[in-house]
Amino acid sequence: MQANKSKDTKPELVVRARLREAGYTGYRLHWKKAPGKPDICFPGRRVAIFVNGCFWHRCPHCALPLPKSNVEFWRAKFARNRARDARDHALLVQDGWTVIVVWECMLKKERLESTMREVLLEVGRASEGGPRVARVVEIGARRPWKLRRERQRLRSRHVLR
C-alpha cells in the first residue's frame, strides 16, 4: 500500500486542470485547516472537493468486489474509510461548507464532460452572493426525482410491485 499515492492522483489532476480552465483558481490543496483535508478546497467560497478513488472509498457506482485474500482486514479497512469520509463531510457541512464528492469512475472519457459541468455548476452556485446552503453533493449520483420516475416506469411495466 506504500506505493499508492494519496496526493496528485490522475483524477485529482484532471479536476484541477478543468477548474483552472474554467477560471476557478485560488484553491488550496489538501488544506489542513478543513476537516478531512479535502483534495481541493476553496476557503473563501467554503467549498471542499473530494476526489475519491473507487477502490479505497467503495464507489456506489462500480460495485467492486472485495479482495480475495485477508477479507476481514479489507472489510474493516473499507468500513473505517467510509466512516471517516462520513464524519469529515458532516463536520464540513456543520461548519457551513458545500462538500462536493467526485468519484474516479465519473472522470472517465465518456462521463468527463458531464461530470465537470456538474462540478463547475456546484462551485459556481456556492460562489454566488446569495445564501449559502451547506450540503454534500455527490456528482453523478442519481437524483431523487429521476429515481421516482424510474420506479414509476418499472411499475407501469409490472416489473416492480
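Rules of the game
- Residues numbered from 1 in each chain as written.
- Predicted model: local features only at pLDDT ≥ 70, side-chain atom pairs only at ≥ 80, totals over all residues.
- Heavy atoms only, no water.
- Core = buried A, V, L, I, M, F, W, Y, C linked by side-chain atoms within 4.5 Å.
- Buried < 20%, exposed > 50% of the residue type's maximum accessible area, 1.4 Å probe, protein only.
- Helix = DSSP H or I, 4+ residues; strand = E, 2+ residues; numbered from the N terminus.
- Contact = heavy atoms within 4.5 Å.
- Salt bridge = Lys/Arg side-chain N within 4 Å of Asp/Glu carboxyl O.
- Phe/Tyr/Trp six-rings, centres within 6.5 Å; stacked < 30°, edge-to-face > 60°.
- Lys NZ or Arg CZ within 6 Å of the ring centre and 35° of its normal.
- Pairing = 2+ DSSP bridges.
- Axes fitted to C-alpha atoms, helices over the stretch in contact; angles between N-to-C directions.

S.K.: For the nonpolar core, give the residues involved together with the corresponding values.
M.R.: Judged by nonpolar contacts, the single largest core of 19 residues is most densely connected at Leu-19, Phe-42, Ile-49, Ile-100, Val-119 and Val-123. Of all the elements in the fold, those that place two or more residues in this core are helix H1 (10-21), strand E2 (40-42), strand E3 (47-52), strand E4 (98-103) and helix H4 (109-127). Examining the composition of this core, we find that 5 residues originate from one element, H4, more than from any other. Setting aside its immediate chain neighbours within four residues, Phe-42 contacts Leu-19, Tyr-24, Thr-25, Tyr-27, Val-47, Ile-49, Trp-97 and Val-123.

S.K.: Describe the pattern of salt bridges, with residues and values.
M.R.: One pass over the full model with this rule turns up 7 salt bridges. The salt bridge involving Glu-72 is made with Arg-75; its shortest N-O contact spans 3.1 Å. Here Glu-72 pairs with Arg-75, and both are found in helix H3 (residues 71-94), just 3 residues apart, close to one helical turn. Its relative accessible area of 57% is what places Glu-72 among the exposed residues.

S.K.: Break down the packing of aromatic side chains for me, citing the residues and quoting the values.
M.R.: Scanning the model with the defined rule gives 9 aromatic pairs in all. Judged by centre distance (6.4 Å) and plane angle (75°), the ring pair of Tyr-24 and Phe-42 falls under edge-to-face. One end of the pair, Tyr-24, is in the loop between H1 and strand E1 (28-29); the other, Phe-42, is in strand E2, with 18 residues separating them in the sequence. By relative accessible area, Phe-42 is classed as buried at 2%. Measuring from centroid to centroid gives 6.2 Å for Trp-31 and Trp-97, while their planes differ by 45°, and the two rings are tilted. Here Trp-31, found in the loop between E1 and E2, pairs with Trp-97, found in the loop between H3 and E4; they are 66 residues apart in sequence, far enough to count as distant. Looking at Trp-31, the relative accessible area reads 21%, which means it is partly exposed. Taken together through their ring pairs, the aromatic side chains of Phe-55, Trp-56, Phe-73, Trp-74 and Phe-78 make up a single cluster. Arg-58 extends its terminal NZ or CZ atom over the ring of Phe-78, reaching a point 4.2 Å from the ring centre.

S.K.: Quick one: what's the story with unusual backbone geometry, residue by residue and with numbers?
M.R.: At His-30, a residue that is not glycine, the phi angle is positive and equals roughly 50°. Here His-30 lies in the loop between E1 and E2. The phi dihedral of Arg-58 is positive, around 60°, even though this residue is not glycine. With respect to the secondary-structure elements, Arg-58 resides in the loop between helix H2 (54-57) and H3.

S.K.: Residues and numbers for the sheet that holds E2, please.
M.R.: Across a sheet, strands are paired by hydrogen bonds formed along the backbone, either parallel or antiparallel in direction. The mixed open sheet is built from 5 strands, whose spatial order is E1-E2-E3-E4-E5. Looking at strand neighbours, the two that pair on one side only are E1 and strand E5 (135-138), the edges of this open sheet. Both E3 and E4 contribute to a ladder of 6 bridges, which runs parallel. Bridge pairing links Ala-48 to Val-99 in E4. Against the sheet, H1 engages E1, E2 and E3, with an angle of about 30° to E2. Sitting on the sheet, H4 is in contact with E2, E3, E4 and E5, with an inclination near 170° to E4.

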